[in-house]
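Examining the three-dimensional arrangement
Okay, here's what each chain looks like letter by letter:
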Amino acid sequence: MPVLNRIAALAPEMKEWRQHLHRIPELSFDLPKTSAFVAERLREFGVDEIHEGIAQSGIVAIIEGQGEGPVIGLRADMDALPIEELTGADHASGHAGRMHACGHDGHTTMLLGAAKYLCETRRFRGKVALLFQPAEEDGGGGDVMVREGVMDRFGIAQVYGIHNAPNIPFGHFQTTQGALMASVDTAIVHVTGKGGHGATPHECVDPVVALVGMVGAIQTILSRNVYALDEAVISVTMIQAGTASNIIPEEAMFAATIRCFKPEVREMLKKRIYEIVEGHASAYGVTARIDYDWGYPATINHPGEAAFAADVAREISGDAAVEADGPREMGSEDFSYMLEARPGAYLFLGQGPGAGLHHPAYDFNDEVAPVGASFFARLVERAQPLG
């Protein structure tokens, strides 16, 4: 079965929704226009319940099927990024310094398309909980929704999500059982010494030299502390120090992003960073403060649900277009919190060639929205069939 005929007929309407959302990008939890637009569409469709103000600007909408049955959760993120858009599209962002550079406008559209179809047909038992989530990019809105009790409040038994994927062939699905995306943590290290004239370093305590030693030693963690088959990444992405060539500064700082898949590796990476920073601080006679942000956990698909989702994807796109044992990646995703709370799976949906995610020239491919909406719809119909 290809894209569902009814959803294919919705393609022009879905394109209008998506491009409207693209024009009004909003950030983090502050999504008043986006949430209002989503709620208005849901009321038009005739969903049975709309619960607004969840995680500040999130929405949970309920569609009732025919007869008793479980509740399946479908999630779409809604927030944009603080990036100046360079697409030049007619539907480009109307807000300077903000754009939908990750395709969350498309994710929201796909779930709205599935919602309209499911409201019209209701060929399933139980209920569907549509989870429109804020703050995936910044703030962990998925975590907030889970902590606010949406899984228990709405009786959600399993949960699924999709992310668009530029430069994967159009309509192709990728997923895998187990870890799909990495955890992400951030270390910001502040080093304090004693500043002074560059001509008299013996009268100073140089934080720059200490910082350089710390950064160099941190690079050895992956090669000497991580088992070779346990993937991990530590990238020092920021260094700040000094104001002039002849001044030894008082302070210096660096920041790093830390990513891996296994909780025990995650703990070890943090431990080693603290040991290296504290040891070098002592050796160089400086003081060091570490601000360590424990970020999103790894996105870990449940095996049975990942296999089921891949089977549904084959129904939509064909066997050759589904990679059920695909590669995992070092990016992160706060859908991980929902998968910690309930069984489920996350998939990537290829949208063909184009600028990558978080690039100012990125734009969601509207032609792929009916594919994602059909996947969501058939997932429900097959997970909770009538009869």
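Scroll up to find the structure.
Below is a summary of the structure that appears in this document. All values derive from a computational prediction rather than experimental measurement.

**A word on the environment of Asp363**
- When you line up the elements, Asp363 lands in the loop between β16 (344–350) and α12 (369–383).
- With 51 residues separating them in the primary sequence, Asp363 and Val312 have C-alpha atoms 26 Å apart.
- With near-sequence residues (within four places) excluded, Asp363 lies in contact with Arg18, His22, Thr87, Ala89, His91 and Gln351.
- Reaching out from Asp363, the side chain makes a polar contact with the side chain of His91 at a distance of 2.7 Å.

**Comments concerning the packing of aromatic side chains**
- Within this structure, the stated rule accounts for eight aromatic pairs.
- For the pair Tyr274 and Tyr292, a centre-to-centre distance of 6.0 Å together with 40° between the ring planes defines the contact as tilted. With Tyr274 in helix α9 (residues 263–284) and Tyr292 in strand β13 (residues 287–294), this pair connects stretches of sequence that are 18 residues apart.
- On the accessibility criterion, Tyr274 (25% relative accessible area) is partly exposed.
- By relative accessible area, which is 13% here, Tyr292 ends up buried.
- Members of the aromatic cluster, joined through ring pairs, are Phe173, Phe375 and Phe376.
- It is Arg328 that lies over the ring of Phe261; its NZ or CZ is 4.2 Å from the centre.

Rules used throughout
- Residues numbered from 1 in each chain as written.
- Predicted model: local features only at pLDDT ≥ 70, side-chain atom pairs only at ≥ 80, totals over all residues.
- Heavy atoms only, no water.
- Helix = DSSP H or I, 4+ residues; strand = E, 2+ residues; numbered from the N terminus.
- Contact = heavy atoms within 4.5 Å.
- Polar contact = N/O pair within 3.5 Å; in protein donor to acceptor, adjacent residues only side chain to side chain.
- Phe/Tyr/Trp six-rings, centres within 6.5 Å; stacked < 30°, edge-to-face > 60°.
- Buried < 20%, exposed > 50% of the residue type's maximum accessible area, 1.4 Å probe, protein only.
- Lys NZ or Arg CZ within 6 Å of the ring centre and 35° of its normal.

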